[in-house]
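Results of the structural survey
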Amino acid sequence: MDEVSTLSSPAAEHDLEANGQIGIVLVHGFGGGVFSWRHVMGVLARQVGCTVASFDRPSWGLTSRPHQKDWEVNQLPNPYKLENQVDLLLSFCAEMGFSSVILVGHDDGGILALKAAQRVHASPNSVNSPMGDNIVPNSGIKVYPTSWISFPSLGSMVEIKGGVLLSVSFTREVVPGFARILLYTSLGKKHIVRPLLQTEITQVINRRVWYDATKVTAEVSSLYKVLPISIAPLCVEGWDEALHEIGKLSSETVLSPQNAATLLQAIKDLPVLVIAGAEDALVPLKSAQVMASRFVNSKLVAISRCGHLPHEECPKALLAAILPFINNLLTKSQVHNQ
């Protein structure tokens, strides 16, 4: 699924034309979806004068949850593997018509964004693309299928101008520890374990990630539930099997020192803004400081009285932090194109 926020004012249309096909793509983290960006997406589009799109990763939101047999029988890549999600993200950018993008990634979505930048740098002419897309009737929601084929030219069409990393760590497994234990046991796919998984992950997402738990309203809780009551069951069918796959692959978001060094070397010139919640219990501020120090061209902003979800808990402070960074990148791009 993807969601797009564009502009309609004459001034905004002028800015869009001036910025060419530059887009801002928001990439959510574990447990999120396009809904995660609802407080910042529209404002960001109005302020910067270009299209802002949100990428819904496989297994979350309204994106389909393919079964293991779906890709094994058809000899297709596993859509839950991080490297294959890199292909999907870059294909999404190209299919949106973007010639260049600024990626904003939260948590392991930030790792995905960095790996996309690494992929473009290392092999710009080899990207996999979905074969097509499906539209959920009367919703404006686009859901990608599980099959994709190679489009060698797509990679060269997308340039990554910079990245914004929200609460990102190279060393944290995103699947909660207790959930991993359940998933790794023989009971991992049994019906008896489903309520435990839902409870554990919902508690982590809705409580531990917030600094001010009073902001976790009933609406917020319903959005972040693994199996939202408000969403049609067909749209989330297979959530438990998808979570099982994610659990098995969760170590992919933990980069070894060697892999982290390789990634950083590949994107050493990429402008990066690192944003941290000063009270983040999952990715401490010290970790964010270390992250920022490892990039040559980076800046760190810590948001006070904020936990792991700046875009949910402190959207105004987040926008105040990222707007100067993004506007600076857009200005440089305009000057370069003149």
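Source: prediction; values computed, not measured.

Counting secondary structure elements, the protein contains 13 helices and 11 strands. Expressed as a percentage of its 338 residues, the buried residues of the protein come to 54%. In the protein, once contacts between residues fewer than 6 apart in sequence are set aside, the share between residues at least 24 apart is 79%. When the accessible surface of the protein is summed, it comes to about 14800 Å², and 54% of that surface belongs to carbon and sulfur atoms.

Positive phi, normally seen in glycine, also occurs at Gln 75, with a value near 55 degrees. You can call Gln 75 exposed: its relative accessible area is 73%. Of note, the phi angle at Asp 107 is positive, near 55 degrees, even though the residue is not glycine.

Of the pairings in the sheet, the one linking strand E10 (residues 272-277) to strand E11 (residues 298-303) comprises six bridges and is parallel in character. Bridging across to E11, Gly 277 finds its partner in Ile 303. Since E10 and E11 lie parallel, the crossover through helix H11 (residues 285-293) that links them has a hand, and here it is right-handed.

Time to look at the nonpolar core. The biggest cluster of nonpolar side chains holds 41 residues, and the ones touching the most others in it are Val 25, Leu 89, Leu 103 and Ile 160. The greatest single-element share of this core, amounting to eight residues, is contributed by helix H4 (residues 82-95). With 30 residues, the next largest nonpolar core counts Ile 24, Val 48, Cys 50 and Leu 330 among its residues.

The next subject is the packing of H4 against helix H5 (residues 108-122). Closest axis-to-axis distance for the H4/H5 pair is 9 Å, and the angle between their directions is 75 degrees. With respect to their mutual orientation, H4 and H5 come out roughly perpendicular. In contact with Leu 82, Glu 83, Gln 85, Val 86, Asp 87, Leu 89 and Leu 90 of H4, H5 contributes Ile 111, Leu 112, Ala 113, Lys 115, Ala 116, Arg 119 and Val 120. Partitioned by chemical class, the residues of the contact of H4 with H5 number nine nonpolar, one polar and four charged.

For the coordinates displayed, the defined rule picks out one aromatic pair. On the numbers, 5.3 Å between centres and 45 degrees between planes, the contact of Phe 55 with Phe 92 is tilted. In this pair, Phe 55 sits in strand E3 (residues 51-55) while Phe 92 sits in helix H4, placing the two residues 37 residues apart along the sequence. This pair shows no difference in class: Phe 55 is buried, exactly as Phe 92 is.

So, about the pattern of salt bridges. Inspection of the entire model under this criterion finds seven salt bridges. Among the salt bridges present, the one from Glu 83 reaches Lys 115, with a minimum N-O distance of 3.1 Å. Placement of Glu 83 in helix H4 and of Lys 115 in helix H5 is noted, with a sequence separation of 32 residues between them. For Lys 161, the salt bridge identified is with Glu 159, shortest N-O distance 3.5 Å. Through salt bridges with shared partners, a single network forms among Glu 83, Asp 87, Lys 115 and Arg 119.

This next bit is on helix H10 (residues 257-266). Three or more residues of H10 are buried, namely Ala 260, Leu 263, Leu 264 and Ala 266. Angularly, the buried residues of H10 cover 160 degrees about the axis, an arc narrow enough to put them on a single face. In this structure, H10 carries Pro 257 and Gln 258 as exposed residues pointing more than 90 degrees from its buried face. Summarising the contacts, the buried residues of H10 are in contact with H5.

Tracing the backbone shows Ser 100 in strand E4 (residues 100-106). Among the residues examined, Ser 100 registers a relative accessible area of 4% and is labelled buried. Sequence separation of Ser 100 and Gln 21 is 79 residues, and the distance between their C-alpha atoms is 6.5 Å. If we skip the residues at most four places from it in the chain, Ser 100 touches Gln 21, Ile 22, Gly 23, Glu 159 and Lys 161.

Glancing now at H4. Note: α-helices contain 3.6 residues per turn, so residues at a spacing of three or four share the same orientation. Along its 14 residues, H4 runs 20 Å from first to last C-alpha, staying within 8% of the 20 Å computed at 1.5 Å per residue. H4 sits mainly inside the fold: 12 of its 14 residues count as buried. Looking only at H4, the buried set comprises Leu 82, Asn 84, Gln 85, Val 86, Asp 87, Leu 88, Leu 89, Leu 90, Ser 91, Phe 92, Cys 93 and Ala 94. In the stretch just after H4, Gly 97 is the one whose phi turns positive, near 90 degrees.

Turning next to the packing of H5 against H10. Orientation of H5 relative to H10, taken along the N-to-C sense of each, is 60 degrees, at an axis distance of 9 Å. If you check the angle between H5 and H10, you find them oblique. H5 and H10 meet at a crossing whose hand is left-handed. Contacts between H5 and H10 pair Leu 114, Lys 115, Gln 118 and His 121 from the former with Thr 262, Leu 263 and Ala 266 from the latter. Residues of the contact of H5 with H10, tallied by class, amount to three nonpolar, three polar and one charged.

How each quantity is defined
Residues numbered from 1 in each chain as written. Predicted model: local features only at pLDDT ≥ 70, side-chain atom pairs only at ≥ 80, totals over all residues. Heavy atoms only, no water. Helix = DSSP H or I, 4+ residues; strand = E, 2+ residues; numbered from the N terminus. Buried < 20%, exposed > 50% of the residue type's maximum accessible area, 1.4 Å probe, protein only. Contact = heavy atoms within 4.5 Å. Areas by Shrake-Rupley, 256 points an atom, 1.4 Å probe, with all protein chains shown as cover. Pairing = 2+ DSSP bridges. Right-handed = clockwise from strand over helix to strand, strands pointing away. Core = buried A, V, L, I, M, F, W, Y, C linked by side-chain atoms within 4.5 Å. Axes fitted to C-alpha atoms, helices over the stretch in contact; angles between N-to-C directions. Parallel < 35°, antiparallel > 145°, perpendicular 65-115°, else oblique. Nonpolar A, V, L, I, M, F, W, Y, C, P; charged D, E, K, R; others polar. Phe/Tyr/Trp six-rings, centres within 6.5 Å; stacked < 30°, edge-to-face > 60°. Salt bridge = Lys/Arg side-chain N within 4 Å of Asp/Glu carboxyl O. Arc of directions from axis to C-beta. Expected span 1.5 Å × (residues − 1). Left-handed = near helix turned anticlockwise from the far one by under 90°.

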